[in-house]
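Given next are the chains, with one letter for each unit.
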Amino acid sequence: MTEAERPPQELLPGLGPESVEDLYDRAPCGYLVSLPNGTIVRANRTFLDWVGLDADALVGPTRFVDLLGGGGRIFHETHVAPLLALQGTVRELDLDIVRADGTAFPALVSIVRMEGTDEVAAHHRITVFDASQRHQYEAELRRARATAEASEEQVRAVATTLQRSLLSGGITSGAGFHIETRYRPAYDTLEIGGDWHDAFFLKDRTTVAVSVGDVVGRGIAAACAMGQLRAALRAIATSGVGPARVLEHLDDFVERLPDAQMATIAYAQIDTATGAVRYACAGHLPPLLVDAEGVATYLWEGRSRPIGLVPEARPEATATLVASGRMVLYTDGLIERRVRNIDDSLDRLARSAATGPAGEGLPALGDRLMAELLADEDHRDDVCLLAIEREAG
Amino acid sequence: MGVAERNNVITRGRSGAQPMVFAHGFGCDQSMWRLVAPAFEATHLTVTYDHVGFGDSDLSAYDPVRYGSLQGYADDLIEVCESLDAGPVVFVGHSVAAMIGVRAAIARPELFDRLVLVGPSPRYIDEDGYVGGFSAADIDGLLESLDRNYLGWSSAMAPVIMGNPDRPELGEELTNSFCRTDPRIASQFARVTFLSDSRADLAKLRVPALVLQCSDDAIAPLAVGRYTHEHLAGSELVVLEATGHCPNLSAPEATTAAIASYLAP
């Protein structure tokens, strides 16, 4: 005969009806019976041991609510009692029971209301589980959460500072020119992405160099590669080697920086006195020139492939930024849409740049281009814009 | 959003009769009046409502500034009474709603015929010889209890649709809304309630009032009920033989009888 086939009393001899009292008294949980008004009429041994009370002290003179601290008492009266009255049961209440010595016994309490019968009047049955270990565990979880939150806050602050530093240091104006930049990263949680803009003087102190570039990918890895490429470009260009040599040196530089390979760059240097421009584009969308009359022209020369592994001679070209003229450098996120070919996108930018209100300042132009061109954005990408204006006369 | 939607105002009973407005206290919602309000449907237009933030009120209307003191709740009560447009009402307020009613009736006495204050307390915390029954530490303990039981409430109470075979009149929907409150709102209402001090208001009330006191109330002890009665000119005090703070649930018949007797011509 298997255990499953034997009658239960044979499996555990001695577990007769007379032991039911013991099952109650020494159950692994506290077990109370109270009148509907809370007066305790019975308590098992386990509960008495836990709270350190004699049955005489507990049964009769004490109501369940009296076992709770002041806060628990209010909670009981305003939440537990109404719930019991209306739905007949409450479960898993997290309450402190005050022991005889005044210390708190953390407990999980469930109560069920029994309706009166012919044999016994209405009463409540209350089970009490020791929750002290669970409480310690929960306290540890709360501490861990607080630590994690503090650490996350710190990481965020570090990231913000780092990101800002990666895009910092560009000049915004000098004798005879002004520069405006706009930046909108793909991710709201980051301040920057893989796009950059920069403006700086060459060492002759009269030539202004501007660069806008785009590192493949988004997020923090692209941002770090961007920071290095941007700094390298500035270091190389400042000596005055010219646009073609700048891009060639960057080809060498990214050999040891895989994340920056295939980056695209538009680079131009402007003589602020004469308006003479030297520029080169490595796989990047062409800079846009807008003259004083509002005629827009893309600079389609000086083009070569994106920055990358195979070194080769790169071309550069020249143009003129006339007085009161503007040049706009930008990344693809500003104009490219999935549903539109690139020629239409470029036309749209040229139209927007050329059709501003009369006397529109450079900051207003920057705001308007961002607003107009991003209005139909169909996927979120990094967006970067740099506009330089040569003053009249 | 009108007052009716904002405060989930529900009217029953005799239309055209004098309105009887029931307000719940801290903890749950207008279900607290389920066993009492129906007894007055034959003689009155009964009106029950939820304070904003509780029951089926419009949670989006909860403004922490407006409801940062009992005055915000009193203003809501005034708007409920005005929206009825049916003359002075009998107001029945349980627990903290008693003092909400006192404030409203001081500001707009013409809207109120009589007040029934069930388990009122003008001040819960002991102070300078006044015995309210609680210390500031107890209120911290209450906030901790609310915090500790928030998750339990939402998981244990929310999805379970329980019938009440013993009390079928209560219906099934109670377990879904009853006592469930946004923990932020519950915590603020707990502070507003238990840190309030309405003792100075008592002398200003000009509307007659009944103080309905339980003989054994852990929240508003007998001495507090006496204090309220003594400081409300023209009030009556009735002590119910009942344990606990919610005679509207634990002793609905006695509560109903005491109110009916007070209102009897």
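Note that this is a predicted model, so its numbers are computed, not measured.

Trainee: Looking at this model, I keep getting lost on the overall build of chain B. Mind explaining?
Mentor: When helices and strands are tallied, chain B shows ten helices and seven strands. The burial tally for chain B puts 50% of its 265 residues in the buried class. Put simply, of all contacts in chain B between residues at least 6 apart along the chain, 74% involve residues at least 24 apart.

Trainee: Help me understand the interface of chain A and chain B in this model?
Mentor: It is common to give the size of an interface as the accessible area lost on bringing the parts into contact. Taken together, the contact between chain A and chain B spans 26 residues of the former and 36 residues of the latter. Taken together, the elements giving at least two residues each to the side of chain A that touches chain B come down to helix H5 (70-87) and strand E3 (89-98) of chain A. With 15 residues, H5(A) is the single largest residue contributor to the side of chain A that touches chain B. Here the residues of the side of chain A that touches chain B are counted per class, giving ten nonpolar, ten polar and six charged.

Trainee: Please explain the sheet that holds strand E13 (residues 296-298) of chain A as it appears in this structure.
Mentor: Strands belonging to one sheet form pairs held by backbone hydrogen bonds; the direction of such a pair is parallel or antiparallel. All names here are of chain A. Strand order in the open sheet formed by six strands is E6-E7-E17-E16-E12-E13, and the pairing between neighbours is antiparallel. Sheet topology places strand E6 (173-174) and E13 at the edges, where each strand pairs with a single neighbour. Where strand E16 (residues 326-330) meets strand E17 (residues 383-390), five bridges bridge the pair, whose relative direction is antiparallel. Bridging across to E17, tyrosine 330 finds its partner in leucine 385. Seen against the sheet, helix H9 (residues 342-354) touches strand E12 (288-290), E13 and E16 and runs at an angle of roughly 30° to E12. Relative to the sheet, helix H10 (residues 362-374) contacts strand E7 (177-184) and E17, its axis offset from that of E17 by approximately 150°.

Trainee: Would you mind going over the sheet that holds strand E2 (residues 40-43) of chain A with me for this structure?
Mentor: All names here are of chain A. The strand order across the open sheet built from five strands is E2-E1-E5-E4-E3, with neighbouring strands paired in antiparallel fashion. Either end of the sheet is taken by a strand with one partner, and the two such strands are E2 and E3. Each strand of the sheet is rotated relative to its neighbour by a mean of 25°, with strand direction disregarded. As defined by bridge partners, strand E4 (residues 104-114) adjoins strand E5 (residues 123-130) across eight bridges and the pair is classed as antiparallel. Bridge assignment links methionine 114 to a residue of E5, and that residue is histidine 123.

Trainee: Honestly, the nonpolar core in this entry has me stumped. Any pointers?
Mentor: It is characteristic of soluble globular proteins that their nonpolar side chains tend to be buried jointly. Within the largest apolar cluster, 103 residues are counted, with the highest numbers of intra-cluster contacts made by B:Val21, B:Ile100 and B:Val116. Apart from the residues within four sequence positions on either side, B:Val21 is in contact with B:Val47, B:Val80, B:Cys81, B:Val89, B:Phe91 and B:Val92. Counting 58 residues, the second-largest nonpolar core is a separate cluster that includes A:Val212, A:Ala280, A:Leu285 and A:Tyr330.

Trainee: I would appreciate a short explanation of helix H8 (residues 222-231) of chain B in the present structure.
Mentor: The periodicity of an α-helix, 3.6 residues per turn, causes residues three or four places apart in sequence to face the same way. Three or more residues of H8(B) are buried, namely B:Val224, B:Gly225, B:Tyr227, B:Thr228 and B:His229. Here the buried face of H8(B) lies against strand E5 (112-118), helix H7 (199-202), strand E6 (209-216) and strand E7 (235-243) of chain B.

Trainee: What is the right way to read unusual backbone geometry from this model?
Mentor: Most peptide bonds take the trans form, and the phi angle of most residues other than glycine is negative. Phi is positive for A:Glu92, which is not a glycine, with a value near 55°. On the secondary structure map, A:Glu92 appears in strand E3. Residue classification places A:Glu92 among the partly exposed residues on the basis of 15 C-beta atoms within 10 Å. Positive phi, normally seen in glycine, also occurs at B:Asp85, with a value near 50°.

Trainee: So what exactly am I meant to see when it comes to helix H7 (residues 219-238) of chain A here?
Mentor: All names here are of chain A. Look at H7: 28 Å from first C-alpha to last across 20 residues, which is about the 28 Å you get at 1.5 Å a residue. Lining the buried residues of H7 we find helix H6 (132-166), strand E8 (195-201), strand E9 (207-214) and helix H8 (243-253). Just downstream of H7, glycine 240 is the residue with a positive phi angle, here 95°.

Trainee: Is there a simple way to explain the packing of helix H2 (residues 70-84) of chain B against helix H3 (residues 96-107) of chain B in this structure?
Mentor: Relative placement of two packed helices is described by the angle separating their axes and the distance separating the axes. All names here are of chain B. At their nearest, the axes of H2 and H3 sit 8 Å apart, and the two run at 65° to each other. The two elements H2 and H3 cross, and the hand of that crossing is right-handed. In contact with Leu70, Gln71, Tyr73, Ala74, Leu77 and Ile78 of H2, H3 contributes Met99, Ile100, Gly101, Arg103, Ala104 and Ala107. When its residues are assigned to classes, the contact of H2 with H3 shows nine nonpolar, two polar and one charged.

Definitions and cut-offs
Residues numbered from 1 in each chain as written. Chains lettered and ligands numbered in written order. Predicted model: local features only at pLDDT ≥ 70, side-chain atom pairs only at ≥ 80, totals over all residues. Helix = DSSP H or I, 4+ residues; strand = E, 2+ residues; numbered from the N terminus. Buried ≥ 20, exposed ≤ 12 C-beta atoms within 10 Å, placed from the backbone. Contact = placed C-beta atoms within 7 Å. Nonpolar A, V, L, I, M, F, W, Y, C, P; charged D, E, K, R; others polar. Pairing = 2+ DSSP bridges. Axes fitted to C-alpha atoms, helices over the stretch in contact; angles between N-to-C directions. Core = buried A, V, L, I, M, F, W, Y, C linked by C-beta atoms within 7 Å. Expected span 1.5 Å × (residues − 1). Left-handed = near helix turned anticlockwise from the far one by under 90°.

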